[in-house]
Amino acid sequence: MSTVRTRFAPSPTGYMHIGGMRTALFNWLWARHNGGQFILRIDDTDQERNLSEALDPILQAFKWLGLNWDEGPEVGGDNGPYFQSERNDLYRSAVDQLLTEGKAYRCYVPTGEIPLDRDEKLGFMRQRPSLKLSQNELDQYVAEERPFVVRLMVPHDQKVQIEDAVRGYVEFDTNLMIDPVIMRANGTPLYNLASVIDDAQMKITHVIRAEEHLSNTPVQVLIFQALGYELPQFAHIPFVAAPGGKEKLSKRKLDKYRKSPQFKKMFDKAEAVFPRIGLENAGGLDPVMVEYYEKIGYLPEAILNALSRLGWSLDDKTEIMSMDTIIENFTLDRIVKSAAGLDPDKLLSFQSHWMNQLSMDEKVERCSPFLEKAGLVQDASAPETKQRISQVIIGMEDRLKIASDILDFDEFFVADDQLVYDAKAFKKRIKKSAEAVTLLEKLKEKLAQASDFNAEALDQLLHDFVEQEGVGMGQIIHALRVAVSGKGTGIGMFDCLAILGKESCIQRIDRAISLSQSE
Ligand code: GLU
């Protein structure tokens, strides 16, 4: 068998759709599984906006996930150009060939004269009015430069047969097909033509793409055949659905997703994180875009693992897989036929798993940019800062899932006099409790005298303290937490005190006491 060559052909839209990324991943996996090549081709024939603005986020998504391409933008290759906008001559010469061989024809019927009703249109177009023009009329049309489109001549009374690697055998009746336009009046190619010529000339062996293109496939097969090209193997994969739903995940439905319980958490997280790292209006990012996951602190391993499971499975049970395992086992017959829903909770559980696999240094490295961008640390590489970040990460335990989760623990990074107290917790635990304030005063003295300020010693100190005072731990611990962290919940109390250190703890308790009296 010839070398396996797959391709992904995105239109530059300014963002990378997470469902599109899954399709790209399957192409990449199939190429890698077979030791073949993965080609990135840019479908920019209808490009109106700035190309680099529209394409960069797409390339960045591939780079972030580590999905390298063997041929395409930036890397070049022997089968280029890889931008459709640069391939017009190739499309034109193919169209000329089809015209010369009588496999396509110039159609002069103005769009307005074609019936809109499908059946009438079929009947009308099958008569191919432009082929009935006399030579005189044709000469006149040419002389007056009358606009025309080029249509492929669909053979009648035939069946287009497709053995799809996912859908199985599919057949289309050519008598139900209208001669499709393959080149517009302005000389630009239609998608079906460009795609076939590119796939053939780039020696693509497997066309793995979204199932919505299955309806384009009979036309493409006819074009392949008309041009004398060998057919690739088609594999039409189910779309990526919105959580739990049967609908294709789409950016147009964002308002609906915002309200859905599964997606809501993702939007809430975006609202909490993005403004803090300088992305106003969430940087225009949402969970349909790959960039959302990168910017909010997901790991490529987690996204790749999750995407690979959207419509493909190793067996009935394995969820967690490394890229090596996936590459080794990725075969087209294991792609499922039904739509797979993106599940934010599952995504988070993949993320949590892969985050746990990282070494402490790696975790620190992932979390640091968030702290820096939020202005919570100046230089995360300074030894004492690094030390503190890793202590907080240890304290967070499995609460560190996404790298930006570290921002929920900002109490360890703000200056003592900048600590923000959660109003509700402060009121409940300190302001309204004269007893708590008295106890905090006394405890502060004890802490000031402490010779050891590690979690174990503090545990002992606190226990001795409550015993001495004849109070329960609950009567001081909540107030203490709010006083030193500003929050009602957080990491283990003794670890929290130890990380902050004696001086900070005392200053913060002092400040909490005076705030409770002044406000
Ligand atoms: N640019 C097309 C799309 O994004 C490519 C379709 C194909 O893979 O043939 O849908």
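Scroll up for the structure.
Because the structure is predicted, anything quoted here is derived from the model rather than measured.

## Brief notes about unusual backbone geometry
Turning to step 1, where the next piece is worked out: Here Gly80 and Pro81 are connected by a cis peptide whose omega angle stands at -5°.
Turning to step 2, where the next piece is worked out: One can find Pro81 in the loop between α2 (51-65) and α3 (88-100).
Turning to step 3, where the next piece is worked out: In this model, Arg128 sits at a positive phi of 45°, which is unusual for a non-glycine residue.
Turning to step 4, where the next piece is worked out: With respect to the secondary-structure elements, Arg128 resides in the loop between α4 (118-126) and α5 (135-143).
Turning to step 5, where the next piece is worked out: Residue classification places Arg128 among the buried positions, given a relative accessible area of 12%.
Turning to step 6, where the next piece is worked out: Of note in this structure, Ala282 is not a glycine but carries a positive phi near 55°.
Turning to step 7, where the next piece is worked out: With respect to the helices and strands, Ala282 occurs in the loop between α9 (261-273) and α10 (290-296).

## Regarding the packing of aromatic side chains
Turning to step 1, where the next piece is worked out: Under the defined criterion, the tally for this structure stands at 14 aromatic pairs.
Turning to step 2, where the next piece is worked out: A ring pair is formed by Tyr293 and Tyr298, whose centres lie 5.2 Å apart and whose planes are at 75°; its orientation type is edge-to-face.
Turning to step 3, where the next piece is worked out: Given a relative accessible area of 0%, Tyr293 falls into the buried group.
Turning to step 4, where the next piece is worked out: When its relative accessible area of 5% is taken as the criterion, Tyr298 is described as buried.
Turning to step 5, where the next piece is worked out: Of the aromatic side chains, those joined through ring pairs into one cluster are Phe8, Phe38, Phe62 and Trp69.
Turning to step 6, where the next piece is worked out: The lysine or arginine in question, Arg146, covers the ring of Tyr141, its NZ or CZ lying 3.8 Å from the ring centre.

## Some details on the site of the ligand
Turning to step 1, where the next piece is worked out: Taken together, Arg7, Ala9, Ser11, Asp43, Tyr191, Ser195, Arg209 and His213 are the residues near the ligand.
Turning to step 2, where the next piece is worked out: The contact in question runs from a nitrogen atom of the ligand to an N or O atom on the side chain of Ser11, over 3.4 Å.
Turning to step 3, where the next piece is worked out: Take His213: an N or O atom from its side chain is 2.7 Å from an oxygen atom of the ligand.
Turning to step 4, where the next piece is worked out: For the ligand, the accessible surface in isolation is 290 Å², of which the surrounding protein chains cover 79%.
Turning to step 5, where the next piece is worked out: Each residue belonging to the shell around the ligand can be placed in one class, and the counts come to two nonpolar, three polar and three charged.

The rules behind these values
Residues numbered from 1 in each chain as written. Predicted model: local features only at pLDDT ≥ 70, side-chain atom pairs only at ≥ 80, totals over all residues. Heavy atoms only, no water. Helix = DSSP H or I, 4+ residues; strand = E, 2+ residues; numbered from the N terminus. Buried < 20%, exposed > 50% of the residue type's maximum accessible area, 1.4 Å probe, protein only. Phe/Tyr/Trp six-rings, centres within 6.5 Å; stacked < 30°, edge-to-face > 60°. Lys NZ or Arg CZ within 6 Å of the ring centre and 35° of its normal. Near = heavy atom within 4 Å. Polar contact = N/O pair within 3.5 Å; in protein donor to acceptor, adjacent residues only side chain to side chain. Areas by Shrake-Rupley, 256 points an atom, 1.4 Å probe, with all protein chains shown as cover. Nonpolar A, V, L, I, M, F, W, Y, C, P; charged D, E, K, R; others polar.

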